[in-house]
Amino acid sequence: MKEDVRIIKTKKNIEQSLISLLETKDFRRLTIKDICQKAMISKSTFYAHYLDKYDLLEKIVTTYSQLVSDEIAMRFQPEQQTHIVTNFHNFESILLGNRQVYKTLLKIHEPEADLSAKLEHIFYEHSLEYIKAKEQKLEVPKEFLASIYATYVMQLLAWMLKTGETSKVLPVSELLQSTFDL
């Protein structure tokens, strides 16, 4: 059964209110009252949709990490002829389209809602799967290479969100690709 449009709008309002508040206030100092005031809702409305602020944050992080994961899953197919680092361009629009949200969420490191950790894990898992599927003889462990890739993409992501562009740092991508022949 589909969710009522009013419920969808209310949840979106609550989520946007939390993101807005996080731009100026530390997550641990935020209260449900702060979120409700910003969203112009009652506490009972908040609790009708979320258990607490941690549940709200976890749902937001899950949504935004899933956007990246879905796009990455499509791009990391072994049959594709592009290099794995080049695939970063393919989901750049998702990140830039939600730039402020990603910038804000990447600063929060709660155990169950750490977007940075989730994204790095996504990049690691997809790149490891890709590397294994290529069946190349590598002189370094595949897991190590996947770890380098995930760390690199997280740095590229941080740079892109900070500056709004990646063209000046892409030569590093080419170097990384050619070094490991991916």
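None of the values given here were measured: they were computed from a predicted structure. (Residues numbered from 1 in each chain as written. Predicted model: local features only at pLDDT ≥ 70, side-chain atom pairs only at ≥ 80, totals over all residues. Heavy atoms only, no water.)

## Quick word on helix H7 (residues 115-134)
Put simply, the test is: Helix numbering and strand numbering both begin at the N terminus, where a helix is a DSSP run of H or I of at least 4 residues and a strand a DSSP run of E of at least 2. Helix span, as expected, comes to 1.5 Å for every residue beyond the first. For this analysis, a polar contact is any N or O atom pair within 3.5 Å, provided that within protein one partner can donate a hydrogen and the other can accept it, and provided that sequence-adjacent residues contribute only side-chain to side-chain pairs.
Look at H7: 28 Å from first C-alpha to last across 20 residues, which is about the 28 Å you get at 1.5 Å a residue. Where H7 begins, the side chain of aspartate 114 points an oxygen toward the backbone nitrogen of serine 116, at a separation of 3.2 Å. Of the residues trailing H7, glutamate 135 is marked for its positive phi of about 50°.

## A closer look at the packing of helix H1 (residues 5-22) against helix H2 (residues 32-39)
Selection rule: Throughout, an axis means a line fitted to C-alpha atoms (over the contacting stretch in the case of helices), and angles, computed between N-to-C directions, take values from 0 to 180 degrees. Orientation is classified from the angle alone, with under 35 degrees giving roughly parallel, over 145 giving roughly antiparallel, 65 to 115 giving roughly perpendicular, and any other angle giving oblique. Working rule for handedness: look at the near helix, and if it is turned counterclockwise from the far one by less than a right angle, call the crossing left-handed; if clockwise, right-handed. Note on contacts: a residue pair qualifies if any of its non-hydrogen atoms lie within 4.5 Å across the two residues. Ten residues, namely Ala, Val, Leu, Ile, Met, Phe, Trp, Tyr, Cys and Pro, are considered nonpolar, four, namely Asp, Glu, Lys and Arg, are considered charged, and the remaining ones, Gly among them, are considered polar.
In the contact formed by H1 and H2, the axes pass within 9 Å of each other and the chain directions differ by 115°. Viewed along their axes, H1 and H2 adopt a mutual orientation that is roughly perpendicular. For the element pair H1 and H2, the recorded crossing hand is right-handed. Residues Asn13, Ile14, Ser17, Leu18, Ser20 and Leu21 of H1 lie in contact with H2, whose contacting residues are Asp34, Ile35, Lys38 and Ala39. Residues of the contact of H1 with H2, tallied by class, amount to 5 nonpolar, 3 polar and 2 charged.

## Some remarks on the packing of H7 against helix H8 (residues 142-163)
Two elements in contact, H7 and H8, have axes whose closest approach is 8 Å; the angle formed by their N-to-C orientations is 135°. Considering their axes alone, H7 and H8 lie oblique with respect to each other. In this structure, H7 meets H8 at a crossing whose hand is right-handed. Residues Ser116, Leu119, Glu120, Phe123, Tyr124, Ser127, Leu128, Ile131 and Lys132 of H7 form the contact with H8, whose participating residues are Lys142, Glu143, Leu145, Ala146, Ser147, Tyr149, Ala150, Thr151, Val153, Met154 and Leu157. Of the residues that constitute the contact of H7 with H8, the class distribution is 12 nonpolar, 4 polar and 4 charged.

## A few points about the pattern of salt bridges
The cut-off we apply is this: Should a side-chain nitrogen of Lys or Arg be within 4 Å of a carboxyl oxygen of Asp or Glu, the pair is scored as a salt bridge. When a residue's accessible area, from a 1.4 Å probe over protein chains only, is under 20% of the maximum for its type it is buried; when over 50% it is exposed; and in between it is partly exposed.
Tallying each qualifying case throughout the model produces 4 salt bridges. Residue arginine 6 is joined to aspartate 4 by a salt bridge in which the shortest nitrogen-to-oxygen separation is 2.9 Å. Here lysine 59 and aspartate 55 are joined by a salt bridge, their closest N and O atoms 2.7 Å apart. Taken together, the residues span about one helical turn, with lysine 59 and aspartate 55 both in helix H4 (residues 53-75) at a distance of 4 residues. What makes lysine 59 partly exposed here is its relative accessible area of 39%.

## Focus: the nonpolar core
A general tendency of soluble globular proteins is for nonpolar side chains to be buried together. Rules: The term nonpolar core refers to a set of buried residues drawn from Ala, Val, Leu, Ile, Met, Phe, Trp, Tyr and Cys, joined through side-chain atoms within 4.5 Å.
In terms of nonpolar packing, the biggest core is built from 43 residues, with Leu18, Phe46, Leu57, Leu105, Leu119 and Phe123 touching the most fellow members. Every element with two or more residues in this core is listed here: H1, H2, H4, helix H5 (92-97), helix H6 (99-105), H7 and H8.

## Notes on the side chain of serine 116
Mapped onto the fold, serine 116 is located in helix H7. The residues touching serine 116, leaving out its near neighbours within four places in the chain, are Leu106, His109 and Met154.

## Overview of the environment of isoleucine 35
On the secondary structure map, isoleucine 35 appears in helix H2. Sequence-distant contacts of isoleucine 35, defined by excluding residues within four places in its chain, comprise Ile14, Ser17, Leu18, Leu21, Phe46, Lys53 and Leu56.

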